[in-house]
Every structure is written in structure tokens, then in C-alpha cells.
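Architecture at a glance
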Amino acid sequence: MIANTDMMSVLLEACPSFSTKWESSRDEWRQEADVPPLYLVLADFARHLIGMVERGEKAVLVAVFTAVERLLVEGDPDVREATVVGLLEDLQNLNLHPNGTAPEQFLPYLGPASARWWEKLDRFWQHGELLTDDDGAAPAGGAG
């Protein structure tokens, strides 16, 4: 099972170009915590991926969403929650798409688990449906 302490290494393996930003975040937060706040880093990662869409870096996006799928399938509950609420939700945030990209541009890269959660996030924001896993449980601390 992938723990939250291993989450960024899974993403960085798929997207080494984010390493510089990750190291910068770690240095910035070193005095206050062992690791930077995960959700802030995931927001930066979402912006990084949006930039990749702008530049048409399709091969890396395929690798990233393979890693995202791993996090959703193999991650512990905290990792799954952070992947959904901290990354996928940020990719859907129109405020993070200022240069003409759109959240829908990520749809071709989604695997089965990420596509399922993408749709659940859409239904949450469009219709107020609770954000729950298939067993009906809301992600701990999540949007549900």
C-alpha cells in the first residue's frame, strides 16, 4: 500500500520535471514541517500538469495518469483522498486554467479509477451529490 510519505515519489517518477518545484517546496517548509503541506504541493502539481497540456506534452501526461491510477488503487485512504480532493479536483478548477486550457483536456488520460472519481467530483459540484467511495463512505476530510 502506498503511504502519503511515498505519494510524491510515485508522482515524481512519472513526472521528473516537477522535481525542482518539489525540492523548492521542501526547502521552503523545512523549518516548519518535515514535508510541505501535501495539498499545497498537489495544487502546484496540478498547475504543472495544466502547463503540460498547454505545451502538448502527451507522453508525460500518460505516465502521470498511470501513476495517479496507482495512487487511487494502491494508496492508503489518505493517499486516495489527496489524489481525489487535492489533485483531480484542482485539475477541474477553472481558476487554474487561465490560458485557454480546459479540465476536459485531461479526460483522455484518465484510467478507470481516476475517471470514476472525476465523474464523482463533477456530480458533487454540479448537483451536490455526496463524494463517496463505492461503499458509500465519504473520503475522510474530503468534499463529502
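Attention in this report is confined to the structure presented alongside it. None of the values given here were measured: they were computed from a predicted structure.

1. What to know about the overall build of the protein
Helix and strand counts for the protein come out as 6 helices and 0 strands. Along the chain direction, N to C, the helices and strands of the protein fall in the order α-α-α-α-α-α. Of the contacts formed within the protein by residues at least 6 apart in sequence, a portion of 62% connects residues at least 24 apart. Roughly 7,700 Å² of accessible area belongs to the protein as shown, and the carbon and sulfur atoms make up 52% of that amount.

2. Some points on the side chain of serine 114
Note that serine 114 resides in helix H6 (residues 112–127). What makes serine 114 buried here is its relative accessible area of 0%. Of the polar contacts made by the side chain of serine 114, one reaches the backbone nitrogen of glycine 111; its length is 2.8 Å. Not counting residues up to four positions away in its chain, the partners in contact with serine 114 are Val68, Glu69, Leu72 and Leu88.

3. Let's talk about helix H3 (residues 38–55)
Compared with an ideal rise of 1.5 Å per residue, which puts 18 residues at 26 Å, H3 spans 25 Å between its outermost C-alpha atoms and is within 8% of the ideal. Those residues of H3 not exposed but buried are Val41, Leu42, Ala43, Phe45, Ala46, His48, Leu49, Ile50, Gly51, Met52 and Val53. On its buried face, H3 is in contact with helix H1 (4–14), helix H2 (19–29), helix H4 (58–74) and helix H5 (77–92). Phi for glycine 56, located one or two positions after H3, is positive at around 70°.

4. Points about the nonpolar core
Looking at soluble globular proteins, one finds that nonpolar side chains tend to be buried together. Of all hydrophobic cores here, the largest spans 42 residues; its most connected members are Leu49, Phe65, Leu88, Leu91 and Phe106. Broken down by secondary-structure element, the contributors of at least two residues to this core are H1, H3, H4, H5 and H6. Counting residues per element, this core draws most heavily on H3, which supplies 8 residues.

5. Describing the packing of H1 against H3
H3 packs onto H1 with a crossing angle of 15° between their chain directions and a minimal axis gap of 12 Å. Between H1 and H3, the angle is such that the two are roughly parallel. Seen from above, H1 lies across H3 with left-handed handedness. On H3, the residues that touch Asn4, Met7, Met8 and Leu11 of H1 are Leu38, Val41, Leu42 and Phe45. Its residues placed into classes, the contact of H1 with H3 shows 7 nonpolar, 1 polar and no charged.

6. Considerations on the environment of threonine 101
Mapped onto the secondary structure, threonine 101 falls in the loop between H5 and H6. Overall, threonine 101 belongs to the buried group, its relative accessible area being 10%. C-alpha separation for the pair threonine 101 and glycine 51, spaced 50 residues apart in sequence, amounts to 8.8 Å. Residues within four places of threonine 101 in sequence aside, it is in contact with Ile50, Val53 and Glu54. Side-chain polar atoms of threonine 101 contact the side chain of histidine 97, separated by 2.6 Å.

Rules and cut-offs
- Residues numbered from 1 in each chain as written.
- Predicted model: local features only at pLDDT ≥ 70, side-chain atom pairs only at ≥ 80, totals over all residues.
- Heavy atoms only, no water.
- Helix = DSSP H or I, 4+ residues; strand = E, 2+ residues; numbered from the N terminus.
- Contact = heavy atoms within 4.5 Å.
- Areas by Shrake-Rupley, 256 points an atom, 1.4 Å probe, with all protein chains shown as cover.
- Buried < 20%, exposed > 50% of the residue type's maximum accessible area, 1.4 Å probe, protein only.
- Polar contact = N/O pair within 3.5 Å; in protein donor to acceptor, adjacent residues only side chain to side chain.
- Expected span 1.5 Å × (residues − 1).
- Core = buried A, V, L, I, M, F, W, Y, C linked by side-chain atoms within 4.5 Å.
- Axes fitted to C-alpha atoms, helices over the stretch in contact; angles between N-to-C directions.
- Parallel < 35°, antiparallel > 145°, perpendicular 65-115°, else oblique.
- Left-handed = near helix turned anticlockwise from the far one by under 90°.
- Nonpolar A, V, L, I, M, F, W, Y, C, P; charged D, E, K, R; others polar.

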